[in-house]
Amino acid sequence: MDINKTNDAVMQRVQAMNKRVAGIQDAGLYFYNQPISELRGGGRVLVNGREMGMYASYSYLGLVGHPRINAAALAAVEKYGTGTHGVRTLAGSLTLHRELEETIADFKRTEAAVTYTSGYVTNLTVVSTLIGRGDYVISDKLNHASLVDGCLMSGAKFLRFRHNDMEALELRLQQVPSGASKLVVADSVFSMDGDVIDFPKVVELCQKYDAWLMIDEAHSVGVLGKTGRGIEEHFGMEGTIDIKMGTLSKTIPSVGGYVAAKKEIINYLRHASRAYIFSAALPPAQAAAAKAAFEVILDEPWRIQKLNANTAQFINGLKERGFDTLHTETAIVPVICGTDEVAYEITRTVQNRDVFVLPVVSPAVPPGLARLRATITAAHEPDEIQHAMEVIEDAGKQTGII
Ligand SMILES: Cc1ncc(COP(=O)(O)O)c(C=O)c1O
């Protein structure tokens, strides 16, 4: 090939990104991709040889390393080995996959469930299999990238509404020509802000306008609801979501994604969604770990109570100290810093004092709303949370944001 790669558009994009990353690294402000070499108790980890309090983990119920879940994974390796025999449709389905899917359907109180190898892929494939050309998909502006990508890939007419604004959603629903199929998609808990979708109103509007409803529960399983079943349980509105999507990589300490719904929808997805038909099955250890984790959530309800107490301590403590935490009510707590530079600076100060928290800057969030994005788990102890807040407070005072 004889392309002048130095001037080629692809190369320009590669170089622009590399330059940006190198600039941040040179300034000592690159905090991403740090290797964790050990998990320790109480929400603590070893990073580059230093023990740090972990405030960037999605292990909301502290289930990573749980002995029963580890034992289930090890037993699955003993029984089935480390891989599958290919795609589910052909030789890749294990009894373990069916057991996991039944466990999920039970947990989510639906008729059936299907799993995929990541949450990201689940959203891509499910949205683009359910809807297509001639249909309409209506999406909250702050939905996760995987939902957005699924909408784009579907070829359906893609309408977005202002974040959590139910009047804007209704206007969008009214814009859909009568007779056209429509799917409303939203996160249950928004991954950057930690706020909860106005679920009762979304359900009401979907019913009023005859729209399908798909909710991404990546950050609400194990977090919302008395028994951790998610957003329907939280609002006492069981059975109101058509397509309940979730991941196996956050509260559930494995990897993968699932959709829970009525039997005929799940059967359709098993035979029509490309990520099921053309991609290998979840490895046995991951399927077994996920199944055991759903069981542990139900058997150890104290974890949800502890997560709720820890979350309240952290959010209230930060607010009392003068921080803006937006509208979070969950374990995802944005600590608004303002400019990207201030967010980087506060991260550096906080990490130097062994509190592992990461910045989120533009374009991932709007300019001026750069933040620390801290997460709280049931593995933290109240005195550790107190200490983390004091460290963040000192950094906030140093930079003048409080
Ligand atoms: C809301 C939401 N949906 C989907 C995903 C993708 O899930 P996974 O990481 O399991 O692929 C994420 C991951 O961050 C998420 O936050």
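Since this is a predicted model, take the numbers as computed values, not measurements.

Quick notes on the rules
- Residues numbered from 1 in each chain as written.
- Predicted model: local features only at pLDDT ≥ 70, side-chain atom pairs only at ≥ 80, totals over all residues.
- Heavy atoms only, no water.
- Helix = DSSP H or I, 4+ residues; strand = E, 2+ residues; numbered from the N terminus.
- Buried < 20%, exposed > 50% of the residue type's maximum accessible area, 1.4 Å probe, protein only.
- Salt bridge = Lys/Arg side-chain N within 4 Å of Asp/Glu carboxyl O.
- Polar contact = N/O pair within 3.5 Å; in protein donor to acceptor, adjacent residues only side chain to side chain.
- Axes fitted to C-alpha atoms, helices over the stretch in contact; angles between N-to-C directions.
- Parallel < 35°, antiparallel > 145°, perpendicular 65-115°, else oblique.
- Left-handed = near helix turned anticlockwise from the far one by under 90°.
- Contact = heavy atoms within 4.5 Å.
- Nonpolar A, V, L, I, M, F, W, Y, C, P; charged D, E, K, R; others polar.
- Pairing = 2+ DSSP bridges.
- Core = buried A, V, L, I, M, F, W, Y, C linked by side-chain atoms within 4.5 Å.
- Phe/Tyr/Trp six-rings, centres within 6.5 Å; stacked < 30°, edge-to-face > 60°.
- Lys NZ or Arg CZ within 6 Å of the ring centre and 35° of its normal.

Student: Looking at this structure, how should I read the environment of Met11?
Tutor: Tracing the backbone shows Met11 in helix H1 (residues 9-26). Since its relative accessible area comes to 27%, Met11 is described here as partly exposed. Residues Met11 and Arg274, 263 residues apart in the sequence, show an inter-C-alpha distance of 31 Å.

Student: Honestly, the pattern of salt bridges in this entry has me stumped. Any pointers?
Tutor: Pairing between side chains of opposite charge can happen when the charged atoms of each approach one another. For the structure shown, the criterion picks out 23 salt bridges. The residue Arg50 makes a salt bridge to Asp354 at a minimum N-O spacing of 2.7 Å. Placement of Arg50 in strand S3 (residues 50-54) and of Asp354 in the loop between helix H14 (340-352) and strand S12 (355-356) is noted, with a sequence separation of 304 residues between them. Between Glu101 and Arg270 there is a salt bridge; the shortest N-O distance is 2.9 Å. Linking Glu101 in helix H4 (residues 95-107) with Arg270 in helix H10 (residues 263-272), this pair joins segments that are 169 residues apart in sequence. Judged by its relative accessible area of 11%, Arg270 falls in the buried class.

Student: Got a minute to help me understand the side chain of Lys244 in this structure?
Tutor: Along the chain, Lys244 falls in strand S9 (residues 243-247). By relative accessible area, Lys244 is classed as buried at 1%. Within the local environment of Lys244, its side chain forms a polar contact with the backbone oxygen of Lys108, the two atoms lying 2.8 Å apart.

Student: Would you mind showing me how to read the packing of helix H2 (residues 67-80) against helix H12 (residues 284-299) here?
Tutor: Two numbers describe a pair of packed helices, the interaxial angle and the distance between the axes. Interaxial distance between H2 and H12 falls to 8 Å at its minimum, and their mutual angle equals 150°. Taken together, the axis directions place H2 and H12 in an arrangement best described as roughly antiparallel. Our pair here, H2 against H12, has a crossing hand that is right-handed. Side by side, H2 and H12 meet where Arg68, Ile69, Ala72, Ala73, Ala76, Val77 and Tyr80 of the first sit next to Pro284, Ala285, Ala288, Ala289, Ala292, Ala293, Glu295, Val296 and Asp299 of the second. Among the residues forming the contact of H2 with H12, the class breakdown is 13 nonpolar, no polar and three charged.

Student: Looking at this model, I keep getting lost on the sheet that holds strand S10 (residues 257-261). Mind explaining?
Tutor: What holds strands together in a sheet is hydrogen bonding between their backbones, with the strands either parallel or antiparallel. An order of S4-S10-S9-S8-S7-S5-S6 is seen for the seven strands of this open sheet, with the pairing classed as mixed. With one partner strand each, in any of the chains shown, strand S4 (112-116) and strand S6 (157-161) form the two edges of the open sheet. This sheet shows a mean twist of 20° between the axes of neighbouring strands, independent of strand direction. Here strand S5 (residues 136-140) pairs with S6 via five bridges, running parallel. From the neighbouring strand, Val137 faces S6, where its bridge partner is Phe158. Contacts from helix H5 (residues 119-130) reach S4, strand S7 (182-187), strand S8 (212-216), S9 and S10 within the one sheet, and its direction differs from that of S9 by about 160°.

Student: Any chance you could explain the nonpolar core here in plain terms?
Tutor: Nonpolar side chains in soluble globular proteins tend to be buried together. In this structure, Leu169, Val184, Phe199, Leu213, Leu248, Phe294 and Phe314 are the most contacted members of the largest nonpolar core, which totals 99 residues. Of all the elements, H12 adds the most residues to this core, at ten residues. Look past the residues within four positions of Phe314 in its chain and what remains in contact with it is Val333, Ala374, Ile376, Ile385, Met389 and Ile392. By size, the runner-up hydrophobic cluster in this structure holds 22 residues, among which are Ile131, Cys151, Met214 and Tyr276.

Student: Can you help me understand unusual backbone geometry in this one?
Tutor: Trans peptide bonds make up the majority, and among non-glycine residues the majority have a negative phi. Here Ser362 and Pro363 are connected by a cis peptide whose omega angle stands at 5°. As for its position among the elements, Pro363 is in the loop between strand S13 (358-360) and strand S14 (370-375). At Leu326, a residue that is not glycine, the phi angle is positive and equals roughly 50°. Checked against the element boundaries, Leu326 lands in the loop between helix H13 (302-320) and strand S11 (332-338). A residue is classified by how much of its surface remains accessible, and Leu326, at 24% relative accessible area, is partly exposed.

Student: Can you help me understand the packing of aromatic side chains in this one?
Tutor: The description of an aromatic ring pair uses the distance of the two centres, along with the angle that the planes make with each other. Counted according to the given criterion, the structure contains eight aromatic pairs. Seen from their ring centres, Tyr116 and Tyr276 are 6.3 Å apart, and the 80° between their planes marks the pair as edge-to-face. You can see Tyr116 sitting in strand S4 and its partner Tyr276 sitting in helix H11 (residues 274-277), a full 160 residues away along the chain. Tyr276 matches Tyr116 in its accessibility class, with the two residues each being buried. An aromatic cluster is present here, built from Phe107, Tyr258 and Phe294 joined pairwise through their rings. Taking the ring centre of Phe107 as reference, the NZ or CZ of Arg229 above it sits at 5.4 Å. Here the basic side chain of Lys250 rests over the ring of Tyr58, its NZ or CZ set 4.2 Å away from the ring centre.

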